[in-house]
Every structure is written in structure tokens, then in C-alpha cells.
Amino acid sequence: MVRCVVAQRDYLLRLIEQVGQLLRRVIHQREQQAPHEALQSIMAACERLFGMEAVQIFQFTPDQHFDMLANDDIPESARDRILMYAALNAEAGHCYVALKQPQLARQSFVNALRLTLKTRQQFPVDDWPSFAPDPTQLLRLVGEAPLDADTLALIAAANLPGPSGL
């Protein structure tokens, strides 16, 4: 039993490291003004993170994605996987801004915000990973357009200023 838990933890750490490398590639591609390539790298990172093809992944809602990634025996690994996915969503938002697709950008930023705030509620905040998106920054990126009640509740629970308070 102990051997199985150690093997699972090692696997999850390698997975997070691999997706982290892909996230660094995404950031580099975006900074090099290559948003299309960055979006392709985001898709590859999501496929690796979820262990399924993109067409399968995107049949689920972001809340279902959260539940899929949270289903882990090791809370820190679940937290890190969710935050990695939130970071990938935030990067997708930046790519869509560069591609002048504001609706897709906003939805990506909202997804990143929701994932980050739900993670804060359900997992330890101690030793928060450096790649975790900053909710305050995400709120600025989301903008002034109205948000759904669930997202507003997450914002309120985190004691963050609502969109009108930005």
C-alpha cells in the first residue's frame, strides 16, 4: 500500500513537472508574439494534465474539470493540478487578447478565476505554488461585464472586491 502511494505521488509530481514545462513554453511563445502556437501548446498541456484528447476534455464544463482534477488521494497534487489548469486558462486568455477575440479571452480569464478561487476554498493555501494565478489580477482581466452568481459568490467568499470595486 505504501509503495503504491509513493508511486502515485512520484507519477503526479512528474506529471506536474511536465505540464509545468509546457506552461513555460506557452508563456515563451506568447511573449514571442506567437499566440496560435501558444494555444496549441496549451491544448497539449491540457491533454497531458487530463490524460485524454482535447475533444474529450472540452465535452466537460470547467466545474467538471475541477472535480476531475480534484479527484486525487494527495491534496497537494490535486491542488497543484487544478492551479496548473487555471494558469493554462489564464494564458489562453492572454493569447485570445492578442488574437483580438475578447469573448474567448474573458471566458478563459473567468475560468481561471473560478478554478483559482475554488481551489483556495477547498485546499490548503500553505506553500502556494508560484505558477498559481493571482485572483486580483484575474479580476482586473475579467473586466466590468456582469458575472454569474456562482463566480460572484466565490469572489465574496475570498473577500476580494467585486467587479464594480475594481
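To be clear, the structure that these remarks concern was listed above.
Residues numbered from 1 in each chain as written. Predicted model: local features only at pLDDT ≥ 70, side-chain atom pairs only at ≥ 80, totals over all residues. Heavy atoms only, no water.

Quick rundown of helix 8 (residues 149–157)? Include the residues and the values.
Taken together, the buried positions of helix 8 are occupied by Thr151, Leu154 and Ile155. The buried residues of helix 8 occupy an angular sector of 100° when the element is viewed end-on, so they sit on one face. Set apart from the buried face of helix 8 by more than 90 degrees, the exposed residues are Ala149 and Asp150. The elements touched by buried residues of helix 8 are helix 6 (102–122) and helix 7 (135–142). Between a side-chain oxygen at the N-terminus of helix 8 and the backbone nitrogen of aspartate 150 the separation is 3.2 Å; the capping residue is aspartate 148. Just downstream of helix 8 lies asparagine 159, where phi reads positive at about 60°. (Buried < 20%, exposed > 50% of the residue type's maximum accessible area, 1.4 Å probe, protein only. Helix = DSSP H or I, 4+ residues; strand = E, 2+ residues; numbered from the N terminus. Arc of directions from axis to C-beta. Contact = heavy atoms within 4.5 Å. Polar contact = N/O pair within 3.5 Å; in protein donor to acceptor, adjacent residues only side chain to side chain.)

Any chance you could break down the pattern of salt bridges for me, citing the residues and the numbers?
Any two side chains of opposite charge can pair, on the condition that their charged atoms come close. According to the stated counting rule, one finds 4 salt bridges in the structure shown. Put simply, aspartate 80 and arginine 79 hold a salt bridge, and the shortest N to O gap is 3.0 Å. The two residues aspartate 80 and arginine 79 agree in class, both being buried. A single salt-bridge network, built from bridges that share partners, covers Asp63, Arg114, Lys118 and Asp148. (Salt bridge = Lys/Arg side-chain N within 4 Å of Asp/Glu carboxyl O.)

Just give me the short version of the nonpolar core, but keep the residues and values in it.
Formed by 40 residues in total, the largest nonpolar core has its most connected members in Leu39, Ile42, Tyr85, Leu88, Leu113 and Ile155. Among the secondary structure elements, those contributing two or more residues to this core are helix 1 (2–31), helix 2 (35–50), helix 4 (62–70), helix 5 (75–98), helix 6, helix 7 and helix 8. A per-element tally of this core places helix 5 first, with 11 residues. (Core = buried A, V, L, I, M, F, W, Y, C linked by side-chain atoms within 4.5 Å.)

Tell me what's going on with the environment of glutamine 29, and back it up with residues and numbers.
Residue placement: glutamine 29 occurs in helix 1. Sequence separation between glutamine 29 and leucine 39 is 10 residues, and the spatial gap between their C-alpha atoms is 9.0 Å. For glutamine 29, the residues in contact, after removing those within four places along its chain, are Ala34, Glu37, Ala38 and Ser41.

Go over the side chain of asparagine 111, please, and point to the residues and values.
Structurally, asparagine 111 can be placed in helix 6. Judged by its relative accessible area of 13%, asparagine 111 is buried. Each residue touching asparagine 111, except ones within four places of it in the same chain, is listed here: Pro62 and Asn89.

Break down the packing of aromatic side chains for me, citing the residues and quoting the values.
All told, the structure shown has 2 aromatic pairs when counted by the stated rule. Summarising the aromatic geometry, the rings of phenylalanine 50 and tyrosine 85 are spaced 5.1 Å apart at their centres and angled 85° between planes, so their arrangement reads as edge-to-face. Separated by 35 residues along the polypeptide, phenylalanine 50 in helix 2 and tyrosine 85 in helix 5 bring together distant segments of the chain. Residue phenylalanine 50 is classed as buried on the basis of its relative accessible area of 11%. For tyrosine 85, a relative accessible area of 4% puts it in the buried group. (Phe/Tyr/Trp six-rings, centres within 6.5 Å; stacked < 30°, edge-to-face > 60°.)

Everything listed is a geometric property; what it means functionally is a separate question.
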